[in-house]
Amino acid sequence: MIKCLIVDDEPLSRDVLKTYCTDHPDLEITAICKDAFEAMNSLGKSSVDLIFLDVNMPKLSGINFYKSLNQKPMVVFTTAYPEFAVEGFELDATDYLLKPFSFERFVKAVNKVKEKSIYQTDTDEKYILLKADRKVYKVDFSEILFFEALGDYVKAHLQDKVLIVTTTLKKLMEELPSSAFMRTHKSYIIAKSKIEYLEGNQIQLPQHKIPIGQSYREEVLKKLEG
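Residues numbered from 1 in each chain as written. Predicted model: local features only at pLDDT ≥ 70, side-chain atom pairs only at ≥ 80, totals over all residues. Heavy atoms only, no water.

- For the protein, the name recorded in an unreviewed UniProt entry is Two-component system response regulator, with Roseivirga ehrenbergii as its organism.

## A word on the sheet that holds strand β15 (residues 208–211)
Consideration 1: Sheet architecture is open: 3 strands sit in the order β13-β14-β15, paired in antiparallel fashion. With partners counted over all chains shown, the strands left at the sheet margins are β13 (197–199) and β15, one partner each. Neighbour to neighbour, the strand axes of the sheet diverge by 30° on average, direction disregarded.
Consideration 2: Bridge analysis of strand β14 (residues 202–205) against β15 gives 4 bridges, and the strand direction is antiparallel. For Ile203, the partnering residue across the bridge sits in β15 and is Ile210. (Pairing = 2+ DSSP bridges. Helix = DSSP H or I, 4+ residues; strand = E, 2+ residues; numbered from the N terminus. Axes fitted to C-alpha atoms, helices over the stretch in contact; angles between N-to-C directions.)

## As for the packing of aromatic side chains
Describing an aromatic ring pair means giving the distance of the ring centres and the angle of the ring planes.
Consideration 1: Considering all chains together, one arrives at 8 aromatic pairs under this definition.
Consideration 2: Judged by centre distance (5.3 Å) and plane angle (50°), the rings of Tyr20 and Phe106 are tilted. In this pair, Tyr20 sits in helix α1 (residues 11–23) while Phe106 sits in helix α5 (residues 103–121), placing the two residues 86 residues apart along the sequence.
Consideration 3: With a relative accessible area of 15%, Tyr20 lands in the buried category.
Consideration 4: Directly above the aromatic system of Tyr66 lies the positively charged group of Lys72, at a separation of 6.0 Å from the ring centroid.
Consideration 5: We note Lys138 situated over the ring of Tyr127; from NZ or CZ to the ring centre the distance is 4.4 Å. (Phe/Tyr/Trp six-rings, centres within 6.5 Å; stacked < 30°, edge-to-face > 60°. Buried < 20%, exposed > 50% of the residue type's maximum accessible area, 1.4 Å probe, protein only. Lys NZ or Arg CZ within 6 Å of the ring centre and 35° of its normal.)

## Points about the nonpolar core
Consideration 1: Ranked by internal contacts, the top residues of the largest apolar core, which has 21 residues, are Leu5, Val7, Ile51, Leu53, Phe65 and Phe77.
Consideration 2: At the level of elements, β1 (2–7), β2 (27–33), α2 (36–45), β3 (50–54), α3 (62–68) and β4 (74–79) are the ones that each hand at least two residues to this core.
Consideration 3: Counting residues per element, this core draws most heavily on α3, at 3 residues.
Consideration 4: Setting aside residues up to four positions removed in sequence, Ile51 forms contacts with Leu5, Val7, Leu43, Phe65, Leu69, Pro73, Met74, Val75 and Val76. (Core = buried A, V, L, I, M, F, W, Y, C linked by side-chain atoms within 4.5 Å. Contact = heavy atoms within 4.5 Å.)

## Quick look at the sheet that holds β2
Consideration 1: The 5 strands lie next to each other as β2-β1-β3-β4-β5, forming an open sheet whose pairing is parallel. A strand with exactly one partner marks an edge of an open sheet, and here the two such strands are β2 and β5 (95–98). Along the sheet, successive strands turn relative to each other by an average axial angle of 20°, direction set aside.
Consideration 2: Across 4 bridges, the pairing between β1 and β3 is parallel. Along β3, the bridge assignment pairs Leu5 with Ile51.
Consideration 3: Each of β1, β2 and β3 is contacted by α1, which is oriented at about 165° to β2, the strand it contacts most.

## Remarks on α2
Consideration 1: For α2, every residue scored as buried is listed here: Ala36, Ala39 and Ser42. Down the axis of α2, the smallest arc covering the buried residues is 115°, so these residues share one side. Away from its buried face, by an angle of more than 90 degrees, α2 presents the exposed residues Gly44 and Lys45.
Consideration 2: N-cap assignment for α2: the residue whose side-chain oxygen lies 3.0 Å from the backbone N of Phe37 is Asp35. (Arc of directions from axis to C-beta. Polar contact = N/O pair within 3.5 Å; in protein donor to acceptor, adjacent residues only side chain to side chain.)

## Some points on the UniProt feature "modified residue: 4-aspartylphosphate" (unreviewed entry) in the protein
Consideration 1: Taken from the UniProt record, the annotation "modified residue: 4-aspartylphosphate" (unreviewed entry) applies to Asp54.
Consideration 2: Following the sequence through the fold, Asp54 ends up in strand β3.
Consideration 3: Once you skip the residues sitting within four places of it in the chain, Asp54 turns out to touch Val7, Asp8, Asp9, Gly62, Thr78, Thr79 and Lys99. (UniProt positions renumbered as here; feature names shortened; annotations may be inferred.)

## Overview of the domain arrangement of the protein
Consideration 1: Domain annotation of the protein identifies domain 1 (2–119) and domain 2 (127–225).
Consideration 2: For domain 1 versus domain 2, the separation of C-alpha centres amounts to 26 Å. (Domains from an automatic or database assignment.)

## Re α1
Consideration 1: Relative to the 18 Å expected for 13 residues at 1.5 Å per residue, α1 spans 18 Å between its end C-alpha atoms, a close match to the ideal helical length.
Consideration 2: Residues of α1 that are buried: Ser13, Arg14, Leu17, Tyr20 and Cys21. In an axial view of α1, the angular spread of the buried residues amounts to 130°, which keeps them on one side of the axis. Counted as exposed and oriented over 90 degrees from the buried face of α1: Pro11, Leu12, Thr22 and Asp23. (Expected span 1.5 Å × (residues − 1).)

## Notes on the confidence of the model for the protein
Consideration 1: Per-residue pLDDT for the protein averages 88, and the proportion of residues at 70 or more is 92%.
Consideration 2: Helix α4 (residues 85–90) is the least confidently modelled element of the protein, averaging 59 in pLDDT, while α1 averages 97, the highest of any element. (pLDDT = per-residue confidence, 0-100.)

Pasting the structure below:
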């Protein structure tokens, strides 16, 4: 079970999230809070795996509240304002739900949480070693946005930097957990948890659009639906 905390200043939004969480078999609500300060108090009493966190709250916004946490659980931001999405994903948000959202969209967010938790809790599959700049970098899976083929090298796009790595996409696919990464094109591997949406033959990641190759499309759609 995924222990979750609901934080939202709007009663209707709290009720919707409570209903959705109750209806989902993998979620257990630990507390429901109307502001960041109630949430702080709740987290002081018991830890959680996930926070459904409203962005626009009085006194202390959801984003500033999350920044203030020393131990950061996974977070799914919820808001009626799409302009906050970029900042939310810069904080490694697992997903971003734009109000009003359906139960189907909510379930997709929870699936992302479950995928992300696989490599956060599995000590054997938590990071990868990448050779770049005559150094060996230890890179957590959660830092990775996508990999891009670059001649005889691979460009690793991370949350805070880009590395030119001495390897191939084929070798990377053998090392990366298939539950968390997938090939979308002959030149790209993406982190499934970083997907925002699919549009036509492209996948939107934070600040990047990744093409879907024709020969990969069917498999990509199967994995996204699964």
